[in-house]
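Listed below, chain by chain, are the residues.
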Amino acid sequence: MNYSEELLQLKTNCSKCSGLCCVALFFSKMDGFPKDKKAGQPCNNLLDDFRCKIHTQLEDRNLKGCIGYDCFGAGQHVTQCIYQGKTYRDLTNQATEIFDVFIIVFQLYQVRYYLLEVLTLDISSKKKERIKDLIIENKKICNYFPNKLLSFNLNTYKDKINPVLKQICSQFKNNKKVPTIF
Ligand code: SF4
C-alpha cells in the first residue's frame, strides 16, 4: 500500500464533483455558511456548472463553514465512480438517494483518513497490517452499489474501528500527531 497515493485519493477535487456538499448537507449561518439551509436544497451561490459564485470572497465574507469543510474526496467518488459522472440534476428521481449516499460515503472517507493518519505513527508492523486491512475493507465498502451503501450500518462499523484507533492512540497520549477520534 502506497501511503502517498492513498492520501491523494482523499484530496478534494471539486471539479470532479457536483457541488454535493453545497446541496446535500444541512447548514446554518451560525456555523459560518451563507444562510440557514435544509439538506437537499442547493446553496444560492452554487452555479449551474457546480462552482461557487463567491469562491474568491469566502474569506472576506467570513464564511468559515464553507472554507473549513472537507469531504475528503467523497464528493468526487460519489459523482464519478458510484454514479459514473451523472449528477442529481441528470438523475432527478434519484436526487435524494444521491445525497444520502454522499452523506454515508463522506463518513466512510473520514474514517479512512483517520486510519491513514494512524499509519504514520510509530506502531508495530502487526498493528500496521491490521490498519491496512481496515483501509482495504473501507475502500471496498465505498464501492458498494447505492442500495447496499444505504443499508450499511455505519454505527456498527464505527464500533469496530473506534476501539482499534483508541487503543493505538492511547500509546501516544502526549504526542501531538495523534488523530482525533470521530
Ligand atoms: S457559498 Fe459557495 S462554498 Fe459555500 S455552500 Fe454556497 S456554493 Fe458552497
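In short, a report on the structure. Since the model is a prediction, treat every value here as computed from it, not as a measurement. (Residues numbered from 1 in each chain as written. Predicted model: local features only at pLDDT ≥ 70, side-chain atom pairs only at ≥ 80, totals over all residues. Heavy atoms only, no water.)

A separate point is the pattern of salt bridges. Side chains that differ in sign of charge can pair as their charged atoms come close. Overall, the coordinates contain four salt bridges when judged by the stated rule. When the shortest N-O distance is used, the salt bridge between Arg51 and Asp49 registers 2.7 Å. Residue Arg51 is classed as exposed on the basis of its relative accessible area of 51%. Across the pair Lys132 and Glu129 runs a salt bridge whose closest N-O atoms are separated by 3.9 Å. (Salt bridge = Lys/Arg side-chain N within 4 Å of Asp/Glu carboxyl O. Buried < 20%, exposed > 50% of the residue type's maximum accessible area, 1.4 Å probe, protein only.)

Using the criterion set out here, one finds 10 aromatic pairs in the structure. Relative to Tyr113, the ring of Phe72 lies with its centre 4.9 Å away and its plane at 35°, an arrangement referred to as tilted. A residue pair is termed long-range when its members are at least 10 positions apart, and Phe72 in the loop between helix 3 (64-68) and helix 4 (74-82) and Tyr113 in helix 5 (residues 95-119) qualify at 41 residues. Here a set of aromatic residues connected by ring pairs shows up, and it is made of Tyr69, Phe72, Phe102, Phe106, Tyr113 and Tyr114. Above the face of the Phe27 ring, Lys37 is positioned so that its terminal group lies 4.9 Å from the ring centre. (Phe/Tyr/Trp six-rings, centres within 6.5 Å; stacked < 30°, edge-to-face > 60°. Helix = DSSP H or I, 4+ residues; strand = E, 2+ residues; numbered from the N terminus. Lys NZ or Arg CZ within 6 Å of the ring centre and 35° of its normal.)

Here we come to the site of the ligand. As a structural note, the neighbourhood of the ligand is formed by Cys22, Phe27, Pro34, Cys43, Asn45, Leu46, Cys52, Ile54 and Cys66. Here the residues of the shell around the ligand sort into eight nonpolar, one polar and no charged. (Near = heavy atom within 4 Å. Nonpolar A, V, L, I, M, F, W, Y, C, P; charged D, E, K, R; others polar.)

We now examine the side chain of Ser28. Take Ser28: it is sitting in the loop between helix 2 (21-24) and helix 3. What Ser28 contacts, discounting residues up to four positions off in sequence, is Phe33, Lys35 and Asp36. (Contact = heavy atoms within 4.5 Å.)

With that settled, the discussion passes to the nonpolar core. One finds Val78, Tyr88 and Phe102 to be the most contacted residues of the largest nonpolar core, which totals 47 residues. Elements with a contribution of two residues or more to this core: helix 2, helix 4, helix 5, helix 6 (125-142) and helix 8 (154-170). Counting residues per element, this core draws most heavily on helix 5, which supplies 16 residues. The residues touching Val78, leaving out its near neighbours within four places in the chain, are Leu20, Tyr83, Ile98, Val101, Phe102 and Val105. (Core = buried A, V, L, I, M, F, W, Y, C linked by side-chain atoms within 4.5 Å.)

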